[in-house]
Each structure stands twice: as C-alpha cells, then as structure tokens.
Amino acid sequence: MHKGVRQPIVVKKIVGTNRGKPPAVEVGEFFPSIKAASDATGIGRTHIVSHLSGVVPHARGIVFDYAGDPSE
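The rules we used
- Residue numbers here run from 1 along each chain, matching the order of that chain's written sequence.
- Side-chain atom pairs in this predicted model are given and counted only at pLDDT of 80 or more, local residue features only at pLDDT of at least 70, and totals for whole chains, interfaces and linings cover all residues.
- With hydrogens and water stripped out, all remaining heavy atoms of the structure feed into the side-chain values.
- A run of H or I in DSSP becomes a helix once it reaches four residues, and a run of E becomes a strand once it reaches two; helices and strands are each numbered from the N terminus.
- Working definition: with a 1.4 Å probe on protein chains only, accessible area under 20% of the residue-type maximum means buried, over 50% means exposed, and in between means partly exposed.
- Salt bridge, as used here: a side-chain nitrogen of Lys or Arg that lies within 4 Å of a carboxyl oxygen of Asp or Glu.

Caption draft 1: Representation of unusual backbone geometry in the model. Despite not being glycine, R60 shows a phi value in the positive range, around 50°. Tracing the backbone through its elements, the reader meets R60 in the loop between α2 (45-52) and β3 (62-66). We classify R60 as partly exposed; its relative accessible area is 37%.

Structure below.
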C-alpha cells in the first residue's frame, strides 16, 4: 500500500448543498490530514481527494484547500 505525504488541509468556505445539512465545521478549521478531515466530518476520504484535485466543486457543501507546503 502506498503511503503518501500527509498534507494538512483547511476549510476554506462553506457553500452548502441541496442534499442535506453539511457537517458542522467552521471556516478556517484545520485538519492535519485528509483522513483526519474525513473522520471528523463524515465525508468520504475519496470525495475530499476528488474535490482537492478539482474533479468536484465541493465535498458535501464544504470547500477545502491545502493549508501549506508539507515540507515546512
């Protein structure tokens, strides 16, 4: 199994969705990894990855962004 570099992510904004209530998170909330964000929000890890790679515009109404350079 490939183990990638853990890169922190942050909630950039909450856009909402018509498919139910988005998870309870705050704008600016920091997660040390995609897995941590997935565990905290209940959003599938692959859905967050799809969003971060530009395939989907948001993940269940939440816009994530990378928090910085992982080498820092």
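Caption draft 2: Spatial organisation of the pattern of salt bridges. In this structure the tally under the stated criterion is one salt bridge. In this structure, K35 engages D39 in a salt bridge whose closest nitrogen and oxygen atoms are separated by 3.0 Å. One end of the pair, K35, and the other, D39, are both in helix α1 (residues 34-41), four residues apart, so they sit about a helical turn from each other. Classification of K35 as exposed rests on a relative accessible area of 51%.

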